[in-house]
Amino acid sequence: MAVSGIGPYDDGNIFARILRGEIPCRKLFEDEHALAFHDINPQAPVHVLVIPKGRYVSLADFTARAPAGEIAGFFRAVGAVARELGLEESGYRALANAGPDSHQEVPHLHVHIFGGRPLGPMLVRRAEG
Ligand code: AMP
């Protein structure tokens, strides 16, 4: 179910629980700023999530509040994971949902990395555009 709006950080969200080690994940990468793991419900042959270690709901929240080193570290991790996955040549899509219109389900910032097949158009087309 999508989050109902972009609100304050909820320490009970599933990615906060993964970061605290309360529930497992299929970890791919970890450093001081970021954790990357396989999505539990993959929508492409490669579907990985990269999350910052800090308590941020969305990209806007992260880029407004995080120190510059944390922002740089997180985005370096996104790039490093895509490279490590061997997706640079074939290509991939990186996507971050935020808020109800995007259907964000987990209110902790995460970047999806999709790859492993041609990914089709960026968005589902609707009559209204
Ligand atoms: P979003 O809709 O952008 O908030 O994406 C949330 C993603 O988290 C979905 O693709 C879910 O399949 C994924 N997800 C939810 N719970 C877990 C979990 N425990 N481990 C890995 N991925 C998860």
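The structure we're discussing is the one just above.
One structure accompanies this document, and this report is about it. Note that the structure is predicted; figures quoted are calculated from it, not measured.

**Examining the pattern of salt bridges**
Move 1: What the rule picks out here adds up to six salt bridges.
Move 2: Here Asp-11 and Arg-55 are joined by a salt bridge, their closest N and O atoms 2.8 Å apart. Remark: Arg-55 occurs in the loop between strand 3 (46–52) and helix 2 (59–65) and Asp-11 occurs in the segment before helix 1 (14–19); sequence separation between them is 44 residues.
Move 3: What makes Asp-11 partly exposed here is its relative accessible area of 35%.

**Digging into the nonpolar core**
Move 1: Core analysis: the largest hydrophobic core is formed by 18 residues, its most contacted members being Val-48, Val-50, Phe-62, Phe-74, Val-78, Val-81 and Ile-113.
Move 2: Elements supplying a minimum of two residues to this core: strand 2 (34–38), strand 3, helix 3 (68–84) and strand 5 (111–115).
Move 3: Here this core takes six residues from helix 3, the largest share from any one element.
Move 4: For Ile-113, the contacting residues outside a window of four places in its chain are Val-46, His-47, Val-48, Val-50, Val-78, Val-81, Ala-82, Leu-85, Leu-87, Tyr-92 and Arg-93.
Move 5: Ile-18, Leu-35, Phe-37 and Leu-49 belong to the second largest nonpolar core, which has seven residues in total.

**Here's the deal with the environment of Ala-34**
Move 1: Following the sequence through the fold, Ala-34 ends up in strand 2.
Move 2: Ala-34 sits 58 residues away from Tyr-92 along the chain, and the two C-alpha atoms are 19 Å apart.
Move 3: Non-local contacts of Ala-34, meaning those with residues more than four positions away in its chain, are made with Phe-29, Val-50, Ile-51, Pro-52, Lys-53, Phe-74 and Ala-77.

About the thresholds
The residue numbers shown here count from 1 along each chain, following its written sequence. Only residues with pLDDT of at least 70 are given local features in this predicted model, and only at 80 or more are side-chain atom pairs given and counted; all residues enter the totals for whole chains, interfaces and linings. Side-chain metrics rest on all non-hydrogen atoms present in the structure, leaving aside hydrogens and water. We count a salt bridge whenever a side-chain nitrogen from Lys or Arg sits within 4 Å of a carboxyl oxygen from Asp or Glu. Working definition: helices are DSSP H or I runs of at least four residues, strands are E runs of at least two. Numbering for both runs from the N terminus. Relative accessible area decides the class of each residue, using a 1.4 Å probe on protein chains only: under 20% of the type maximum gives buried, over 50% gives exposed, and in between gives partly exposed. Definition used in this section: a nonpolar core is a set of buried Ala, Val, Leu, Ile, Met, Phe, Trp, Tyr and Cys residues joined via side-chain atoms within 4.5 Å. Here, two residues are considered to be in contact whenever any of their heavy atoms come within 4.5 Å of each other.

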